[in-house]
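# Observations on chain architecture
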Amino acid sequence: MYSVFKFGGASIRDVHNIINVGKILQSYSNDKLVIVFSAMGKVTNMLENLVEDYVNGNTDPFISLQKVKDFHYSILDQLFEKQDSIFDKVNNLFVEIERILEEKPTNEYSYIYDQIVSIGEFLSTKIMSNYLLNIGFNNLLLDARDLIKTDNSYGNGKVDWDLTTNCIKSNVKANHCITQGFIGCTSENFTTTLGREGSDFSAAILAFCLDANQVVIWKDVPGMMNADPKYFDSPILLEKVSFDEAIELAYFGAKIIHPKTIQPLKKKKIPLYIKSFLNPHNKGSHI
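Below: a short report on this structure.

Reading guide: rules and limits
- Residues numbered from 1 in each chain as written.
- Predicted model: local features only at pLDDT ≥ 70, side-chain atom pairs only at ≥ 80, totals over all residues.
- Heavy atoms only, no water.
- Pairing = 2+ DSSP bridges.
- Helix = DSSP H or I, 4+ residues; strand = E, 2+ residues; numbered from the N terminus.
- Contact = heavy atoms within 4.5 Å.
- Expected span 1.5 Å × (residues − 1).
- Buried < 20%, exposed > 50% of the residue type's maximum accessible area, 1.4 Å probe, protein only.
- Polar contact = N/O pair within 3.5 Å; in protein donor to acceptor, adjacent residues only side chain to side chain.
- Lys, Arg positive; Asp, Glu negative; His and termini not counted.
- Salt bridge = Lys/Arg side-chain N within 4 Å of Asp/Glu carboxyl O.

This brings us to the sheet that holds strand 4 (residues 176-180). The sheet built from seven strands is open, its strands ordered 3-4-2-1-7-8-9 with mixed pairing. If you trace the sheet from one side to the other, it starts and ends with strand 3 (140-141) and strand 9 (285-286), each paired once. Relative to strand 7 (residues 214-219), strand 1 (residues 3-7) runs parallel, the two being bridged by five bridges. Residue pairing across strands places Val-4 opposite Val-215, the latter belonging to strand 7.

So, on to the environment of Ile-168. For Ile-168, the position within the fold is in helix 7 (residues 161-171). Taking the C-alpha atoms as reference, Ile-168 lies 7.8 Å from Asp-146; in sequence the two are 22 residues apart. Those residues within four positions of Ile-168 in sequence are excluded, and the remaining contacts are Leu-147, Ile-205, Leu-206, Cys-209 and Leu-210.

With twelve residues, helix 1 (residues 15-26) extends 17 Å between its outermost C-alpha atoms, agreeing within 8% with the 16 Å of an ideal straight helix rising 1.5 Å per residue. Those residues of helix 1 not exposed but buried are Val-15, Asn-17, Ile-18, Val-21, Gly-22, Ile-24 and Leu-25. The secondary structure elements touched by the buried residues of helix 1 are strand 1, strand 2 (33-37), helix 3 (61-79), helix 6 (119-134) and strand 7. With a side-chain oxygen positioned 3.3 Å from the backbone nitrogen of His-16, the residue opening helix 1 is Asp-14.

Moving on, we come to the side chain of Lys-149. With respect to the secondary-structure elements, Lys-149 resides in the loop between strand 3 and helix 7. Buried and unpaired, Lys-149 has Asp-146 as its nearest opposite-charge partner, separated by 4.8 Å. Side-chain polar atoms of Lys-149 contact the backbone oxygen of Arg-145, separated by 2.7 Å. Apart from residues lying up to four places away in sequence, Lys-149 is in contact with Lys-158, Val-159, Asp-160, Leu-163, Thr-164, Cys-167 and Cys-185.

This is the structure in structure tokens:
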């Protein structure tokens with residue numbers, strides 16, 4: 001049975017953290033894993049600014065694009081040799097954005113948003129897959145658009161669960177698969193995004209369709225706390241929480257996990273663990 005791991009942007013925001021994630025995954029090299037990555041660091045925010053510039057036309061969007069390029073090429077320069085094929089792969093993804101920016105915006109905002117902002121996850125997974133291969137962690141990179149099928153609700157795609165289950169079971173074959181969070185695809189092959197906390201939701205979708213034995217969401221906190229550590233001193237780690245308690249905590253403002261992520265796991269009683277990528281040997285929270 002597969003375990004589904006999800007790493008957010010903070011876990012791969014710089015070279016130090018990327019190397020750390022590599023070490024975590026190497027410690028699970030004997031397990032069957034599906035690994036979901038968000039965009040790196042604050043790249044989603046950077047791409048959202050680019051979309052605003054492009055749609056509003058007040059600022060040259062290529063200036064915002066250059067910031068995204070500089071961020072990624074800085075990481076590539078530190079992680080890879082100059083002749084590595086990853087440079088061409090990343091450049092090709094930037095060309096996809098450039099082609100959009102060269103035309104006047106004619107589609108609705110949410111459609112444009114999905115086509116551009118989704119590139120953040122394709123960039124991160126290309127880089128992470130290549131890096132992991134270089135350190136001896138064999139993996140198969142899968143395109144989330146071949147796995148998660150949605151309707152045409154751009155910005156908040158609704159999952160076609162039957163079709164998605166068939167696609168996931170047909171494509172997830174290798175012992176270590178990597179794919180993008182936050183992303184789906186319409187029947188017309190247009191990219192959609194899954195809305196707030198979409199990468200966590202992607203992990204839950206994959207786990208549900210694969211009947212996974214667990215989902216582990218790796219964050220920069222020890223687990224689910226009884227209070228937000230940003231605002232309260234000495235919050236207590238909740239080591240074990242029921243699905244219903246976790247949903248209730250989420251509805252009342254706990255940002256650690258979104259209810260839509262918990263629902264499919266609750267349906268099949270798939271345990272969810274929230275662990276710290278900073279202290280990976282700690283127990284974390286078990287939902």
